[in-house]
Amino acid sequence: MHKSDGGKFMEKILGIAGDENERKITKRFLEIESCRAFIAEEMAATIDGNLREQKQIREVSLEREKFFSGTLNDMLTFVAVMDPGGKVLFVNNTALDIAGLKPEDVMGKMFWDIYWWAYSEDLQKTIKKNFLRCVAGETITRELEPQKAGGKRIWINFKLHPVSGNNGKGKYVVAEGQDITSRKEAEQRIEESKNELQHYMDHLANFSGRLDRNGRVVIANRTAIKATGLEPEQIIGHLFTDAFWFSYDPEVQHRLKTAISKAIHGKKVVRYDTLVRVKNRFQHMQLSLTPLINGQNQVEYLIAEGTDISELKRAEAENIRTTNHLNAIINSATGFYISTSDLDGKITSWNKEAELIMGYFGTEVVDKMNISQMCPEKIAESGQLKKLLKEVPEKGRYEGEFEFRKKSGDTFLAYLKATPLKDEDEKLMGVLAIIQDISDLKKAEEKVRLVQEEKIGLIEQTTEAIISIGMDARIEIANPSAEKLFGRDQEK
(Lines give C-alpha, C1' and ligand atoms only; values in the text may rest on other atoms or scores of the structure.)
Protein backbone atom coordinates (compact mmCIF):
# COMPACT_ATOMS: atom_id res chain seq x y z
CA MET A 1 0.00 0.00 0.00
CA HIS A 2 1.30 3.49 -0.95
CA LYS A 3 1.16 6.60 1.25
CA SER A 4 -1.32 8.54 -1.02
CA ASP A 5 -3.79 5.71 -0.79
CA GLY A 6 -3.41 5.74 2.97
CA GLY A 7 -4.25 9.52 3.05
CA LYS A 8 -7.46 9.08 1.15
CA PHE A 9 -8.41 6.22 3.33
CA MET A 10 -7.70 8.35 6.42
CA GLU A 11 -9.95 11.23 5.21
CA LYS A 12 -12.74 8.81 4.55
CA ILE A 13 -12.53 7.43 8.00
CA LEU A 14 -12.40 10.86 9.63
CA GLY A 15 -15.49 11.85 7.77
CA ILE A 16 -17.36 8.88 9.07
CA ALA A 17 -16.12 8.93 12.66
CA GLY A 18 -18.02 11.31 14.78
CA ASP A 19 -16.39 11.35 18.14
CA GLU A 20 -12.83 11.98 19.25
CA ASN A 21 -11.96 8.39 20.33
CA GLU A 22 -12.79 6.97 17.03
CA ARG A 23 -10.57 9.55 15.33
CA LYS A 24 -7.65 8.64 17.58
CA ILE A 25 -8.05 4.92 16.90
CA THR A 26 -8.25 5.49 13.24
CA LYS A 27 -5.17 7.72 13.25
CA ARG A 28 -3.18 5.09 15.10
CA PHE A 29 -4.27 2.42 12.65
CA LEU A 30 -3.14 4.52 9.74
CA GLU A 31 0.27 5.11 11.34
CA ILE A 32 0.76 1.39 11.82
CA GLU A 33 -0.22 0.74 8.23
CA SER A 34 2.32 3.28 7.08
CA CYS A 35 5.10 1.61 9.07
CA ARG A 36 4.18 -1.76 7.70
CA ALA A 37 4.51 -0.47 4.18
CA PHE A 38 7.98 0.88 4.96
CA ILE A 39 9.09 -2.40 6.46
CA ALA A 40 7.85 -4.27 3.43
CA GLU A 41 9.92 -2.05 1.16
CA GLU A 42 13.06 -2.62 3.27
CA MET A 43 12.52 -6.38 3.35
CA ALA A 44 12.16 -6.45 -0.40
CA ALA A 45 15.50 -4.67 -0.76
CA THR A 46 17.16 -7.06 1.73
CA ILE A 47 15.78 -10.13 0.01
CA ASP A 48 17.08 -8.85 -3.30
CA GLY A 49 20.59 -8.42 -1.78
CA ASN A 50 20.49 -11.88 -0.24
CA LEU A 51 19.55 -13.41 -3.53
CA ARG A 52 22.52 -11.76 -5.20
CA GLU A 53 24.85 -13.02 -2.41
CA GLN A 54 23.43 -16.52 -2.62
CA LYS A 55 24.03 -16.46 -6.35
CA GLN A 56 27.65 -15.55 -5.77
CA ILE A 57 27.98 -18.33 -3.19
CA ARG A 58 26.49 -20.80 -5.63
CA GLU A 59 28.93 -19.67 -8.32
CA VAL A 60 31.90 -20.08 -5.95
CA SER A 61 30.57 -23.48 -4.87
CA LEU A 62 30.13 -24.56 -8.48
CA GLU A 63 33.63 -23.35 -9.30
CA ARG A 64 35.07 -25.26 -6.34
CA GLU A 65 33.10 -28.37 -7.25
CA LYS A 66 34.29 -28.09 -10.84
CA PHE A 67 37.92 -27.88 -9.61
CA PHE A 68 37.51 -30.83 -7.25
CA SER A 69 35.65 -33.12 -9.64
CA GLY A 70 37.31 -32.03 -12.88
CA THR A 71 40.94 -31.78 -11.76
CA LEU A 72 41.44 -33.87 -8.63
CA ASN A 73 39.33 -36.75 -9.89
CA ASP A 74 41.71 -37.20 -12.82
CA MET A 75 44.72 -37.65 -10.56
CA LEU A 76 46.16 -41.15 -10.08
CA THR A 77 47.10 -40.38 -6.49
CA PHE A 78 44.62 -40.52 -3.62
CA VAL A 79 43.27 -37.03 -2.74
CA ALA A 80 40.92 -35.84 0.02
CA VAL A 81 39.99 -32.28 1.06
CA MET A 82 38.80 -31.42 4.57
CA ASP A 83 37.76 -28.32 6.42
CA PRO A 84 39.91 -27.25 9.39
CA GLY A 85 37.64 -29.22 11.69
CA GLY A 86 38.38 -32.48 9.93
CA LYS A 87 35.13 -32.93 8.00
CA VAL A 88 35.53 -34.39 4.53
CA LEU A 89 34.55 -31.99 1.73
CA PHE A 90 35.85 -34.01 -1.20
CA VAL A 91 37.46 -37.37 -2.04
CA ASN A 92 38.63 -38.17 -5.56
CA ASN A 93 37.55 -41.26 -7.45
CA THR A 94 40.93 -42.96 -7.09
CA ALA A 95 40.66 -42.98 -3.30
CA LEU A 96 36.98 -43.99 -3.38
CA ASP A 97 37.34 -46.78 -5.92
CA ILE A 98 40.19 -48.57 -4.22
CA ALA A 99 38.13 -48.86 -1.03
CA GLY A 100 34.82 -49.55 -2.79
CA LEU A 101 33.27 -46.35 -1.38
CA LYS A 102 30.77 -43.80 -2.70
CA PRO A 103 30.84 -40.03 -2.10
CA GLU A 104 27.95 -40.28 0.39
CA ASP A 105 30.05 -42.75 2.46
CA VAL A 106 32.63 -40.08 3.19
CA MET A 107 31.17 -36.58 2.70
CA GLY A 108 30.73 -34.72 5.98
CA LYS A 109 32.43 -37.42 8.03
CA MET A 110 35.59 -36.95 10.07
CA PHE A 111 38.63 -37.84 7.99
CA TRP A 112 40.13 -40.24 10.58
CA ASP A 113 36.82 -42.17 10.82
CA ILE A 114 36.78 -43.13 7.12
CA TYR A 115 37.02 -46.83 6.18
CA TRP A 116 40.69 -46.58 5.12
CA TRP A 117 41.83 -46.26 8.75
CA ALA A 118 38.97 -48.01 10.55
CA TYR A 119 40.82 -51.29 11.15
CA SER A 120 43.06 -49.75 13.82
CA GLU A 121 42.19 -47.33 16.64
CA ASP A 122 45.85 -46.52 17.10
CA LEU A 123 46.14 -45.59 13.44
CA GLN A 124 43.03 -43.41 13.66
CA LYS A 125 44.52 -41.59 16.66
CA THR A 126 47.72 -41.07 14.71
CA ILE A 127 45.81 -39.65 11.72
CA LYS A 128 43.86 -37.26 13.99
CA LYS A 129 47.03 -36.13 15.77
CA ASN A 130 48.77 -35.48 12.45
CA PHE A 131 45.70 -33.61 11.17
CA LEU A 132 45.73 -31.22 14.13
CA ARG A 133 49.42 -30.55 13.56
CA CYS A 134 48.63 -29.80 9.93
CA VAL A 135 45.86 -27.35 10.90
CA ALA A 136 48.47 -25.57 13.03
CA GLY A 137 50.52 -25.03 9.86
CA GLU A 138 52.77 -28.09 9.66
CA THR A 139 53.11 -30.27 6.57
CA ILE A 140 53.11 -33.97 7.47
CA THR A 141 54.77 -36.67 5.37
CA ARG A 142 54.98 -40.33 6.33
CA GLU A 143 54.32 -43.87 5.10
CA LEU A 144 50.98 -45.42 6.12
CA GLU A 145 48.94 -48.56 5.50
CA PRO A 146 45.29 -47.84 4.61
CA GLN A 147 42.96 -50.71 3.85
CA LYS A 148 41.25 -51.19 0.53
CA ALA A 149 38.07 -53.09 -0.32
CA GLY A 150 38.12 -56.54 1.24
CA GLY A 151 40.39 -55.50 4.10
CA LYS A 152 43.67 -55.94 2.29
CA ARG A 153 46.16 -53.20 3.09
CA ILE A 154 48.41 -51.22 0.80
CA TRP A 155 51.31 -48.91 1.46
CA ILE A 156 51.07 -45.21 0.57
CA ASN A 157 53.36 -42.24 0.83
CA PHE A 158 50.96 -40.04 2.85
CA LYS A 159 51.07 -36.25 2.91
CA LEU A 160 48.91 -33.70 4.77
CA HIS A 161 49.35 -30.02 3.98
CA PRO A 162 47.31 -26.91 4.90
CA VAL A 163 45.75 -24.51 2.38
CA SER A 164 45.20 -20.91 3.58
CA GLY A 165 42.49 -18.45 2.49
CA ASN A 166 42.86 -14.75 1.58
CA ASN A 167 42.82 -13.85 5.26
CA GLY A 168 45.81 -16.08 5.94
CA LYS A 169 43.80 -18.48 8.05
CA GLY A 170 43.51 -22.20 7.31
CA LYS A 171 40.79 -22.83 4.79
CA TYR A 172 41.36 -26.48 3.85
CA VAL A 173 43.55 -29.45 4.70
CA VAL A 174 44.52 -31.56 1.70
CA ALA A 175 45.54 -35.22 2.08
CA GLU A 176 47.47 -36.97 -0.68
CA GLY A 177 48.54 -40.59 -0.96
CA GLN A 178 50.77 -42.27 -3.54
CA ASP A 179 50.64 -46.06 -3.79
CA ILE A 180 54.09 -47.43 -2.94
CA THR A 181 53.04 -51.03 -2.31
CA SER A 182 55.22 -52.43 -5.10
CA ARG A 183 58.24 -50.59 -3.77
CA LYS A 184 57.60 -51.77 -0.21
CA GLU A 185 57.12 -55.36 -1.36
CA ALA A 186 60.38 -55.14 -3.31
CA GLU A 187 62.10 -53.72 -0.21
CA GLN A 188 60.63 -56.53 1.87
CA ARG A 189 61.89 -59.14 -0.59
CA ILE A 190 65.30 -57.52 -0.53
CA GLU A 191 65.27 -57.51 3.27
CA GLU A 192 64.17 -61.15 3.36
CA SER A 193 66.91 -62.08 0.90
CA LYS A 194 69.37 -60.12 2.99
CA ASN A 195 68.24 -61.95 6.14
CA GLU A 196 68.45 -65.31 4.36
CA LEU A 197 71.94 -64.43 3.14
CA GLN A 198 72.92 -63.35 6.64
CA HIS A 199 71.51 -66.58 8.10
CA TYR A 200 73.35 -68.66 5.52
CA MET A 201 76.60 -66.76 6.00
CA ASP A 202 76.36 -66.98 9.80
CA HIS A 203 76.51 -70.76 9.55
CA LEU A 204 79.67 -70.74 7.45
CA ALA A 205 82.91 -71.67 9.18
CA ASN A 206 84.81 -69.33 6.84
CA PHE A 207 84.89 -65.57 7.12
CA SER A 208 82.26 -64.17 4.77
CA GLY A 209 80.82 -60.74 4.00
CA ARG A 210 79.49 -58.36 1.38
CA LEU A 211 81.07 -55.09 0.29
CA ASP A 212 79.55 -52.21 -1.65
CA ARG A 213 81.32 -50.61 -4.61
CA ASN A 214 83.13 -48.23 -2.27
CA GLY A 215 84.61 -51.12 -0.32
CA ARG A 216 82.42 -50.65 2.74
CA VAL A 217 81.21 -53.66 4.72
CA VAL A 218 77.47 -54.18 4.20
CA ILE A 219 77.20 -57.65 5.74
CA ALA A 220 79.68 -59.67 7.81
CA ASN A 221 78.95 -63.13 9.13
CA ARG A 222 79.07 -64.15 12.77
CA THR A 223 82.35 -66.05 12.35
CA ALA A 224 84.18 -62.99 11.01
CA ILE A 225 82.77 -60.59 13.62
CA LYS A 226 83.38 -62.98 16.51
CA ALA A 227 87.02 -63.31 15.46
CA THR A 228 87.53 -59.56 16.04
CA GLY A 229 85.93 -59.40 19.48
CA LEU A 230 84.06 -56.27 18.31
CA GLU A 231 80.38 -55.36 17.99
CA PRO A 232 78.77 -55.55 14.53
CA GLU A 233 78.25 -51.78 14.38
CA GLN A 234 82.01 -51.32 14.72
CA ILE A 235 82.45 -53.17 11.41
CA ILE A 236 79.27 -52.76 9.35
CA GLY A 237 79.31 -49.54 7.32
CA HIS A 238 83.07 -49.08 7.65
CA LEU A 239 85.75 -49.55 5.00
CA PHE A 240 86.88 -53.16 4.69
CA THR A 241 90.51 -52.03 4.50
CA ASP A 242 90.14 -50.23 7.86
CA ALA A 243 88.64 -53.27 9.58
CA PHE A 244 90.34 -54.89 12.56
CA TRP A 245 91.54 -57.86 10.49
CA PHE A 246 93.84 -55.73 8.29
CA SER A 247 94.47 -52.44 10.14
CA TYR A 248 97.60 -53.76 11.84
CA ASP A 249 99.77 -53.12 8.77
CA PRO A 250 99.52 -50.36 6.10
CA GLU A 251 101.09 -52.65 3.48
CA VAL A 252 98.42 -55.29 4.10
CA GLN A 253 95.75 -52.58 3.77
CA HIS A 254 97.25 -51.27 0.52
CA ARG A 255 97.34 -54.75 -1.00
CA LEU A 256 93.70 -55.29 -0.05
CA LYS A 257 92.68 -51.90 -1.49
CA THR A 258 94.38 -52.81 -4.77
CA ALA A 259 92.62 -56.19 -4.82
CA ILE A 260 89.19 -54.55 -4.28
CA SER A 261 89.84 -52.14 -7.14
CA LYS A 262 90.85 -55.02 -9.45
CA ALA A 263 87.72 -57.00 -8.55
CA ILE A 264 85.40 -54.04 -9.20
CA HIS A 265 87.00 -52.59 -12.32
CA GLY A 266 88.31 -55.84 -13.75
CA LYS A 267 85.06 -57.70 -13.00
CA LYS A 268 86.93 -60.84 -12.05
CA VAL A 269 87.63 -62.90 -8.94
CA VAL A 270 90.75 -61.82 -7.05
CA ARG A 271 92.29 -64.40 -4.72
CA TYR A 272 95.46 -64.29 -2.63
CA ASP A 273 96.91 -65.44 0.69
CA THR A 274 97.36 -62.98 3.52
CA LEU A 275 97.90 -62.77 7.25
CA VAL A 276 94.77 -61.74 9.17
CA ARG A 277 94.53 -60.47 12.74
CA VAL A 278 91.97 -62.27 14.92
CA LYS A 279 91.74 -60.98 18.50
CA ASN A 280 95.24 -61.39 19.97
CA ARG A 281 96.79 -63.57 17.29
CA PHE A 282 97.29 -63.88 13.55
CA GLN A 283 96.24 -66.59 11.15
CA HIS A 284 96.89 -67.37 7.51
CA MET A 285 93.90 -66.93 5.24
CA GLN A 286 93.14 -67.24 1.58
CA LEU A 287 91.11 -64.13 0.76
CA SER A 288 88.84 -64.04 -2.28
CA LEU A 289 86.84 -61.12 -3.69
CA THR A 290 84.07 -62.14 -6.09
CA PRO A 291 82.19 -59.43 -8.05
CA LEU A 292 78.40 -59.78 -8.48
CA ILE A 293 77.41 -58.25 -11.83
CA ASN A 294 73.90 -56.88 -12.52
CA GLY A 295 71.87 -56.79 -15.74
CA GLN A 296 73.64 -53.60 -16.86
CA ASN A 297 76.99 -55.43 -16.71
CA GLN A 298 78.04 -53.38 -13.70
CA VAL A 299 79.45 -54.68 -10.45
CA GLU A 300 76.67 -54.46 -7.87
CA TYR A 301 78.76 -55.54 -4.90
CA LEU A 302 81.60 -57.88 -3.87
CA ILE A 303 81.43 -61.11 -1.91
CA ALA A 304 84.46 -61.32 0.37
CA GLU A 305 85.48 -64.72 1.74
CA GLY A 306 88.33 -65.73 3.96
CA THR A 307 89.34 -69.39 4.31
CA ASP A 308 91.56 -70.36 7.22
CA ILE A 309 94.64 -72.00 5.72
CA SER A 310 96.69 -72.08 8.92
CA GLU A 311 96.69 -75.89 8.98
CA LEU A 312 97.65 -75.95 5.32
CA LYS A 313 100.50 -73.54 5.97
CA ARG A 314 101.67 -75.64 8.92
CA ALA A 315 101.47 -78.77 6.76
CA GLU A 316 103.41 -77.03 4.00
CA ALA A 317 106.04 -75.93 6.49
CA GLU A 318 106.25 -79.45 7.91
CA ASN A 319 106.44 -80.87 4.42
CA ILE A 320 109.28 -78.50 3.60
CA ARG A 321 111.12 -79.56 6.77
CA THR A 322 110.51 -83.23 5.98
CA THR A 323 111.57 -82.76 2.38
CA ASN A 324 114.69 -80.89 3.42
CA HIS A 325 115.51 -83.63 5.94
CA LEU A 326 114.89 -86.33 3.36
CA ASN A 327 116.96 -84.48 0.78
CA ALA A 328 119.78 -84.13 3.30
CA ILE A 329 119.77 -87.89 3.85
CA ILE A 330 119.43 -88.62 0.16
CA ASN A 331 122.19 -86.22 -0.84
CA SER A 332 124.56 -87.60 1.79
CA ALA A 333 124.31 -91.09 0.31
CA THR A 334 127.17 -92.19 -1.94
CA GLY A 335 127.14 -94.97 -4.45
CA PHE A 336 123.35 -94.91 -4.55
CA TYR A 337 121.03 -93.22 -6.99
CA ILE A 338 118.04 -92.21 -4.83
CA SER A 339 114.82 -90.79 -6.18
CA THR A 340 111.26 -90.27 -5.01
CA SER A 341 108.20 -90.15 -7.20
CA ASP A 342 104.44 -89.90 -6.90
CA LEU A 343 102.26 -92.91 -7.63
CA ASP A 344 102.25 -92.08 -11.34
CA GLY A 345 106.02 -92.15 -11.47
CA LYS A 346 106.64 -88.38 -11.70
CA ILE A 347 110.02 -87.66 -10.10
CA THR A 348 109.76 -85.46 -6.99
CA SER A 349 113.35 -85.57 -5.72
CA TRP A 350 116.82 -86.37 -7.15
CA ASN A 351 120.03 -86.66 -5.15
CA LYS A 352 123.53 -85.60 -6.09
CA GLU A 353 124.66 -89.17 -6.68
CA ALA A 354 121.83 -89.57 -9.19
CA GLU A 355 123.13 -86.51 -11.03
CA LEU A 356 126.61 -88.11 -11.21
CA ILE A 357 125.35 -91.52 -12.26
CA MET A 358 122.56 -90.54 -14.63
CA GLY A 359 123.94 -87.29 -16.01
CA TYR A 360 120.73 -85.30 -15.35
CA PHE A 361 120.63 -82.29 -13.04
CA GLY A 362 117.83 -82.17 -10.50
CA THR A 363 116.34 -79.09 -12.17
CA GLU A 364 115.94 -81.12 -15.37
CA VAL A 365 113.93 -83.94 -13.87
CA VAL A 366 112.16 -82.92 -10.62
CA ASP A 367 108.44 -82.38 -11.36
CA LYS A 368 109.27 -82.58 -15.09
CA MET A 369 110.19 -86.18 -15.95
CA ASN A 370 108.78 -89.62 -15.22
CA ILE A 371 110.98 -92.33 -13.78
CA SER A 372 110.07 -94.57 -16.73
CA GLN A 373 112.00 -92.14 -18.94
CA MET A 374 115.14 -93.36 -17.15
CA CYS A 375 114.70 -96.83 -18.67
CA PRO A 376 115.48 -98.22 -22.13
CA GLU A 377 112.68 -97.67 -24.62
CA LYS A 378 111.48 -101.29 -24.60
CA ILE A 379 111.00 -101.19 -20.82
CA ALA A 380 109.40 -97.71 -20.89
CA GLU A 381 106.97 -98.71 -23.62
CA SER A 382 105.97 -101.87 -21.78
CA GLY A 383 104.94 -99.84 -18.71
CA GLN A 384 106.70 -102.42 -16.59
CA LEU A 385 108.28 -99.91 -14.21
CA LYS A 386 105.07 -97.88 -13.80
CA LYS A 387 103.16 -101.05 -12.96
CA LEU A 388 105.84 -102.06 -10.48
CA LEU A 389 105.67 -98.66 -8.70
CA LYS A 390 101.89 -98.88 -8.37
CA GLU A 391 102.19 -102.36 -6.83
CA VAL A 392 104.70 -101.22 -4.21
CA PRO A 393 102.09 -99.69 -1.82
CA GLU A 394 100.10 -102.95 -1.91
CA LYS A 395 103.00 -105.37 -1.53
CA GLY A 396 105.01 -103.14 0.81
CA ARG A 397 108.29 -103.28 -1.12
CA TYR A 398 110.11 -104.48 -4.25
CA GLU A 399 113.68 -105.68 -4.71
CA GLY A 400 115.26 -106.83 -7.93
CA GLU A 401 117.50 -106.08 -10.86
CA PHE A 402 116.43 -103.50 -13.41
CA GLU A 403 118.03 -101.94 -16.44
CA PHE A 404 118.30 -98.12 -16.59
CA ARG A 405 119.48 -95.62 -19.21
CA LYS A 406 121.71 -92.60 -18.65
CA LYS A 407 121.34 -89.20 -20.32
CA SER A 408 124.16 -90.22 -22.65
CA GLY A 409 122.09 -93.17 -23.85
CA ASP A 410 124.30 -95.79 -22.17
CA THR A 411 122.43 -98.48 -20.24
CA PHE A 412 123.44 -100.17 -17.00
CA LEU A 413 122.13 -102.87 -14.74
CA ALA A 414 121.04 -101.72 -11.30
CA TYR A 415 119.67 -103.21 -8.15
CA LEU A 416 116.33 -101.52 -7.42
CA LYS A 417 114.78 -101.36 -3.97
CA ALA A 418 111.40 -99.56 -3.87
CA THR A 419 109.36 -98.87 -0.71
CA PRO A 420 106.24 -96.79 -0.01
CA LEU A 421 106.89 -93.16 1.00
CA LYS A 422 104.52 -91.99 3.76
CA ASP A 423 104.14 -88.87 5.89
CA GLU A 424 104.01 -88.79 9.69
CA ASP A 425 100.28 -89.57 9.56
CA GLU A 426 100.97 -92.69 7.49
CA LYS A 427 99.40 -91.09 4.44
CA LEU A 428 100.89 -92.43 1.21
CA MET A 429 102.88 -89.76 -0.61
CA GLY A 430 104.66 -91.78 -3.28
CA VAL A 431 107.53 -94.25 -3.72
CA LEU A 432 111.13 -94.11 -2.53
CA ALA A 433 113.47 -95.79 -5.02
CA ILE A 434 117.05 -96.69 -4.04
CA ILE A 435 119.04 -97.75 -7.09
CA GLN A 436 122.59 -99.11 -7.02
CA ASP A 437 124.69 -99.54 -10.14
CA ILE A 438 125.78 -103.18 -10.11
CA SER A 439 127.53 -103.16 -13.48
CA ASP A 440 130.99 -103.62 -11.89
CA LEU A 441 129.63 -106.26 -9.54
CA LYS A 442 128.19 -108.18 -12.46
CA LYS A 443 131.49 -107.93 -14.28
CA ALA A 444 133.32 -109.26 -11.20
CA GLU A 445 130.80 -112.08 -10.85
CA GLU A 446 131.35 -112.94 -14.49
CA LYS A 447 135.11 -113.09 -13.92
CA VAL A 448 134.62 -115.33 -10.89
CA ARG A 449 132.34 -117.56 -12.95
CA LEU A 450 134.91 -117.82 -15.74
CA VAL A 451 137.72 -118.58 -13.26
CA GLN A 452 135.53 -121.17 -11.56
CA GLU A 453 134.72 -122.80 -14.87
CA GLU A 454 138.43 -122.83 -15.80
CA LYS A 455 139.31 -124.35 -12.43
CA ILE A 456 136.65 -127.02 -12.78
CA GLY A 457 137.92 -127.83 -16.27
CA LEU A 458 141.47 -128.40 -15.06
CA ILE A 459 140.30 -130.53 -12.17
CA GLU A 460 138.17 -132.69 -14.39
CA GLN A 461 141.01 -133.23 -16.87
CA THR A 462 143.65 -134.41 -14.32
CA THR A 463 144.20 -138.15 -13.83
CA GLU A 464 144.58 -137.75 -10.11
CA ALA A 465 141.54 -138.10 -7.84
CA ILE A 466 140.60 -134.64 -6.51
CA ILE A 467 137.88 -133.85 -3.98
CA SER A 468 137.03 -130.33 -2.71
CA ILE A 469 135.44 -130.15 0.76
CA GLY A 470 133.60 -127.05 2.02
CA MET A 471 133.64 -125.50 5.52
CA ASP A 472 130.58 -127.54 6.44
CA ALA A 473 132.45 -130.77 5.63
CA ARG A 474 130.36 -131.38 2.56
CA ILE A 475 131.98 -132.44 -0.75
CA GLU A 476 131.63 -129.62 -3.25
CA ILE A 477 133.68 -131.00 -6.19
CA ALA A 478 134.72 -134.52 -7.18
CA ASN A 479 136.51 -135.09 -10.47
CA PRO A 480 136.03 -138.16 -12.68
CA SER A 481 139.20 -139.81 -11.27
CA ALA A 482 137.71 -139.51 -7.76
CA GLU A 483 134.43 -140.97 -8.96
CA LYS A 484 136.32 -143.92 -10.45
CA LEU A 485 138.41 -144.38 -7.35
CA PHE A 486 135.45 -144.47 -4.98
CA GLY A 487 133.05 -146.10 -7.37
CA ARG A 488 130.45 -143.36 -7.08
CA ASP A 489 129.29 -140.58 -9.40
CA GLN A 490 129.49 -136.86 -8.49
CA GLU A 491 125.84 -136.56 -7.46
CA LYS A 492 126.30 -139.29 -4.82
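Up top you'll find the structure we're talking about.
Here we summarise the structure given alongside this text. Just so we're clear, the structure is a prediction, and the values are computed from it rather than from any experiment.

Time to look at the overall build of the protein. What the protein contains, in helices and strands, is 15 helices and 17 strands. Per-residue burial for the protein yields a buried fraction of 32% across its 492 residues. Looking at the protein alone, contacts between residues at least 24 apart form 37% of all its contacts between residues at least 6 apart. A total accessible area of about 31900 Å² is found for the protein, and carbon and sulfur atoms account for 52% of it.

Here the focus is the pairing of strand E13 (residues 398–405). As paired elements, E13 and strand E14 (residues 411–422) share eight bridges and run antiparallel to each other. Along E14, the bridge assignment pairs Phe404 with Phe412. Hairpin connection, E13 to E14: the antiparallel pair is bridged by five residues, and Gly409 has positive phi, about 105°.

The subject of this paragraph is the sheet that holds strand E3 (residues 140–144). The strand order across the open sheet built from five strands is E2-E1-E5-E4-E3, with neighbouring strands paired in antiparallel fashion. Looking at which strands have only one partner, the edges of the open sheet turn out to be strand E2 (88–91) and E3. Pairs of neighbouring strands in the sheet enclose a mean axial angle of 20°, with direction left out of account. Two strands pair when backbone bridges link them, and strand E1 (residues 78–82) and strand E5 (residues 170–179) are joined in this way by five bridges, in the antiparallel orientation. Bridge assignment links Met82 to a residue of E5, and that residue is Val173. Those strands touched by helix H5 (residues 121–135) are E1, E3, strand E4 (156–164) and E5, and its axis lies near 165° from that of E3.

Tallied over the entire structure, the rule returns 10 salt bridges. As a salt-bridge pair, Glu138 and Arg133 come within 2.5 Å of each other at their nearest N and O atoms. Assessed through its relative accessible area of 34%, Glu138 is described here as partly exposed. Residues Glu143 and Lys184 are paired through a salt bridge, measuring 2.9 Å at the closest nitrogen-oxygen approach. Of this pair, Glu143 sits in strand E3 while Lys184 is found in helix H6 (residues 181–202), placing the two residues 41 residues apart along the sequence. Salt bridges sharing partners connect three or more residues here, namely Glu143, Arg183, Lys184 and Glu187.

Following the sequence through the fold, His161 ends up in strand E4. Only 2.8 Å separates the side chain of His161 from the side chain of Glu176, close enough to count as a polar contact. Not counting chain neighbours up to four residues away, the residues in contact with His161 comprise Cys134, Thr139, Tyr172, Val173, Val174 and Glu176.

With 17 residues, helix H8 (residues 250–266) should cover 24 Å at 1.5 Å per step; its first-to-last C-alpha distance of 23 Å lies within 8% of that length. Inspection of H8 places Val252, Gln253, Leu256, Ala259, Ile260, Ala263 and Ile264 among the buried residues, and these make up the whole buried set. For H8, the buried positions fall inside an angular range of 125° around the axis, keeping them on one side. Facing away from the buried side of H8, by more than 90 degrees, are the exposed residues Pro250, Glu251, His254, Lys257 and His265.

Time to look at the packing of aromatic side chains. Within this structure, the stated rule accounts for 13 aromatic pairs. Ring centres of Phe240 and Phe246 lie 5.0 Å apart, and the angle between their planes is 75°; on these two criteria the pair is classed as edge-to-face. Taking the relative accessible area as the measure of exposure, Phe240 reaches 7% and is therefore buried. One aromatic cluster is present, formed by Phe111, Trp116, Trp117 and Phe158 through successive ring pairs. Across the ring face of Tyr301, the terminal group of Arg210 is positioned such that the distance to the ring centre comes to 4.3 Å.

As a further point, take the pairing of strand E8 (residues 270–278). Inspection of the sheet shows E8 paired to strand E9 (residues 281–293) by nine bridges, in the antiparallel sense. Counterpart to Val270 in the pairing with E9 is Leu289. Where E8 folds back on E9, the antiparallel hairpin that results is connected by two residues, among which Lys279 adopts a positive phi of roughly 55°.

This part is about helix H13 (residues 384–395). With 12 residues, H13 extends 16 Å from end C-alpha to end C-alpha; this agrees with the ideal 16 Å at 1.5 Å per step. Every buried residue belonging to H13 is among Leu385, Leu388, Leu389 and Val392, and all of these are buried. One side of H13 carries all its buried residues, which in axial view fall inside an arc of 100°. Away from the buried face of H13 by more than 90 degrees, exposed residues Lys387 and Glu394 are located. Two residues or fewer after H13 comes Gly396, characterised by a positive phi angle close to 95°.

Looking now at the environment of Asp308. Structurally, Asp308 is set in strand E10 (residues 299–308). With 35 residues separating them along the chain, Asp308 and Asp273 place their C-alpha atoms 9.8 Å apart. A distance of 2.7 Å separates a polar atom in the side chain of Asp308 from a polar atom in the side chain of Ser310.

Time to look at the sheet that holds E9. Taken in spatial order, the five strands of this open sheet run E7-E6-E10-E9-E8, and their pairing is antiparallel. Of all strands in the sheet, those with a lone pairing partner are strand E7 (217–220) and E8, marking the two edges. With direction set aside, neighbouring strand axes in the sheet form an average angle of 30°. Here three bridges tie strand E6 (residues 207–211) to E7, and the two strands are oriented antiparallel to one another. In the strand pairing of E7, Leu211 is matched with Val217.

The subject of this paragraph is the environment of Gly362. Inspection of the secondary structure puts Gly362 in helix H11 (residues 362–365). Separated by 11 residues in sequence, Gly362 and Asn351 place their C-alpha atoms 7.3 Å apart. With residues up to four places along the chain from it excluded, the contact list for Gly362 reads Trp350 and Glu355.

We now examine unusual backbone geometry. Although it is not a glycine, Lys279 adopts a positive phi angle of roughly 55°. Of the residues examined, Lys279 reaches a relative accessible area of 45% and is grouped as partly exposed. Backbone geometry at Asn297 places phi at a positive 60°, although glycine is not the residue there. As for its placement among the helices and strands, Asn297 is situated in the loop between E9 and E10. Judged by relative accessible area, Asn297 falls into the partly exposed class, the value being 47%.

Calculation criteria
Residues numbered from 1 in each chain as written. Predicted model: local features only at pLDDT ≥ 70, side-chain atom pairs only at ≥ 80, totals over all residues. Heavy atoms only, no water. Helix = DSSP H or I, 4+ residues; strand = E, 2+ residues; numbered from the N terminus. Buried < 20%, exposed > 50% of the residue type's maximum accessible area, 1.4 Å probe, protein only. Contact = heavy atoms within 4.5 Å. Areas by Shrake-Rupley, 256 points an atom, 1.4 Å probe, with all protein chains shown as cover. Pairing = 2+ DSSP bridges. Axes fitted to C-alpha atoms, helices over the stretch in contact; angles between N-to-C directions. Salt bridge = Lys/Arg side-chain N within 4 Å of Asp/Glu carboxyl O. Polar contact = N/O pair within 3.5 Å; in protein donor to acceptor, adjacent residues only side chain to side chain. Expected span 1.5 Å × (residues − 1). Arc of directions from axis to C-beta. Phe/Tyr/Trp six-rings, centres within 6.5 Å; stacked < 30°, edge-to-face > 60°. Lys NZ or Arg CZ within 6 Å of the ring centre and 35° of its normal.

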